[in-house]
Amino acid sequence: MSGAAMVLALAAAVLHAGWNLMVKAGRDRVLSFWAVTLGSAILNVPVLMILGLPDPVTAPYLAATTILHVVYGSLLVAAYERADLAVIYPIARGVAPLLVAVGGVLWLGDLVPALGWVGIALVSLGIIGIALTAGVGSGVGWALLTGLAIASYTTVDGAGVRAGDEAIRYIGTMFVLTGAVWTAVVLVRRGMASAVRHVRTQWREVVFGGIGSAGAYALVMVAALLAPLGLVAGVRETSALIGVFGGYRMLREHVTGRHIAAAVLAVTGTILIAVS
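Given the structure is predicted, the values throughout are model-derived calculations rather than measurements.

### Some thoughts on the overall build of the chain
A count of helices and strands for the chain gives 12 helices and 0 strands. Order of helices (α) and strands (β) in the chain, N terminus to C terminus: α-α-α-α-α-α-α-α-α-α-α-α. With the C-alpha coordinates aligned to their principal axes, the bounding extent of the chain is approximately 50 × 40 × 35 Å. The buried share of the chain, reckoned over its 276 residues, is 48%. The long-range fraction of contacts in the chain, counting pairs at least 24 apart against all pairs at least 6 apart in sequence, stands at 88%. By element, 72% of the accessible surface of the chain is carried by carbon and sulfur atoms, the whole surface being about 12700 Å². Distance from the positive charge centre (16 side chains) to the negative charge centre (11 side chains) of the chain: 12 Å.

### What to know about the packing of helix 2 (residues 29-51) against helix 7 (residues 168-189)
Interaxial distance between helix 2 and helix 7 falls to 7 Å at its minimum, and their mutual angle equals 140°. By the criterion of interaxial angle, the relationship of helix 2 to helix 7 is oblique. Regarding helix 2 and helix 7, the two cross each other, and that crossing is left-handed. A per-class count over the contact of helix 2 with helix 7 returns 15 nonpolar, 7 polar and 2 charged.

### Quick look at the pattern of salt bridges
Under the definition given, this model contains 3 salt bridges. The salt bridge involving Glu81 is made with Arg29; its shortest N-O contact spans 3.1 Å. Placement of Glu81 in helix 3 (residues 59-82) and of Arg29 in helix 2 is noted, with a sequence separation of 52 residues between them. With its nearest N and O atoms 3.7 Å apart, the salt bridge here joins Glu166 to Arg169. Assessed through its relative accessible area of 23%, Arg169 is described here as partly exposed.

### Description of the packing of aromatic side chains
Any aromatic ring pair is given by two values, namely how distant the centres are and how the planes are angled relative to each other. Within the structure shown, the criterion is met by 5 aromatic pairs. Ring centres 5.4 Å apart and planes at 70° place the aromatic pair Tyr72 and Tyr153 in the edge-to-face group. Remark: Tyr153 occurs in helix 6 (residues 140-164) and Tyr72 occurs in helix 3; sequence separation between them is 81 residues. Tyr72 sits in the buried class, given a relative accessible area of 5%. Connected via pairs of aromatic rings, a cluster forms that spans Trp19, Phe33, Tyr72, Tyr153 and Trp182.

### Concerning unusual backbone geometry
Positive phi is not limited to glycine here, since Asp165 has a value of about 60°. When its relative accessible area of 69% is taken as the criterion, Asp165 is described as exposed. The residue Arg252 is not glycine, and still its phi comes out positive at about 60°. For Arg252, the position within the fold is in the loop between helix 11 (239-249) and helix 12 (257-275). Arg252 sits in the exposed class, given a relative accessible area of 66%.

### So, helix 2
Between the first and last C-alpha of helix 2 there are 33 Å, a value that for 23 residues agrees with the 33 Å anticipated at 1.5 Å per step. At Asn44, helix 2 shows its maximal bend, which comes to roughly 25°, and the proline Pro46 appears one to four places after that position. The N-capping residue of helix 2, defined by a side-chain oxygen 3.2 Å from the backbone nitrogen of Val30, is Asp28.

Thresholds, definitions, all that
- Residues numbered from 1 in each chain as written.
- Predicted model: local features only at pLDDT ≥ 70, side-chain atom pairs only at ≥ 80, totals over all residues.
- Heavy atoms only, no water.
- Helix = DSSP H or I, 4+ residues; strand = E, 2+ residues; numbered from the N terminus.
- Buried < 20%, exposed > 50% of the residue type's maximum accessible area, 1.4 Å probe, protein only.
- Contact = heavy atoms within 4.5 Å.
- Areas by Shrake-Rupley, 256 points an atom, 1.4 Å probe, with all protein chains shown as cover.
- Lys, Arg positive; Asp, Glu negative; His and termini not counted.
- Charge placed at Lys NZ, Arg CZ, Asp CG, Glu CD.
- Axes fitted to C-alpha atoms, helices over the stretch in contact; angles between N-to-C directions.
- Parallel < 35°, antiparallel > 145°, perpendicular 65-115°, else oblique.
- Left-handed = near helix turned anticlockwise from the far one by under 90°.
- Nonpolar A, V, L, I, M, F, W, Y, C, P; charged D, E, K, R; others polar.
- Salt bridge = Lys/Arg side-chain N within 4 Å of Asp/Glu carboxyl O.
- Phe/Tyr/Trp six-rings, centres within 6.5 Å; stacked < 30°, edge-to-face > 60°.
- Expected span 1.5 Å × (residues − 1).
- Bend = angle between axes of the 7 residues up to and from the residue.
- Polar contact = N/O pair within 3.5 Å; in protein donor to acceptor, adjacent residues only side chain to side chain.

Below, the structure written as structure tokens:
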């Protein structure tokens, strides 16, 4: 893996962990998550104006991924309402590649090499370890559901990008559609006055959260041009460790040595799955 690809993937990990820290730290996490999706949508509008819309064949995939991204956001917010980011984030990020790998074996007939099975075992042990350190009723179930949503939209997006034979317009459209639907959700749940007030007072979430969300996707795409996607994805998942550290340092969350060890196991397993 080239140094440039490594730097880009690590930057994507930092950006992704950063916007999650922003959402977790928000007073109203529904509005904070919406602000991030709004910022991402705004950033991608000029991209679509320049490049145009994706191939119509991708429409069913875009409809499905928009719904899945809204479900993902709802689950993530619910999880952050119930537990620390240091618990939710590594479980959600770890279980997604685990589910994709296992699902490929069960339903698609994929062959997983020995290194991949080692990675699956490590991710499983890491998730179990984090769950045990977190305790019962700590939002672990919501984190697992969030991971399921991530795995689902990842699978749909992979199929959609292949169907349209390009990624930039597809992903840009996904961001715009998700931002539009989340705006409708927020207007129903919080009302116009609360939404406008949040954007006015918490504009940094729109700007920096949007840059973090859209920027992480963009950096991964560029890195994938310079190195195998599996290696890029593996490095990108170090965001889980960055999230644990950020939760400890910035949000003053309680993190133990066993928690850190379990997170390291999960991230190591994710990297092995990606490179196998």
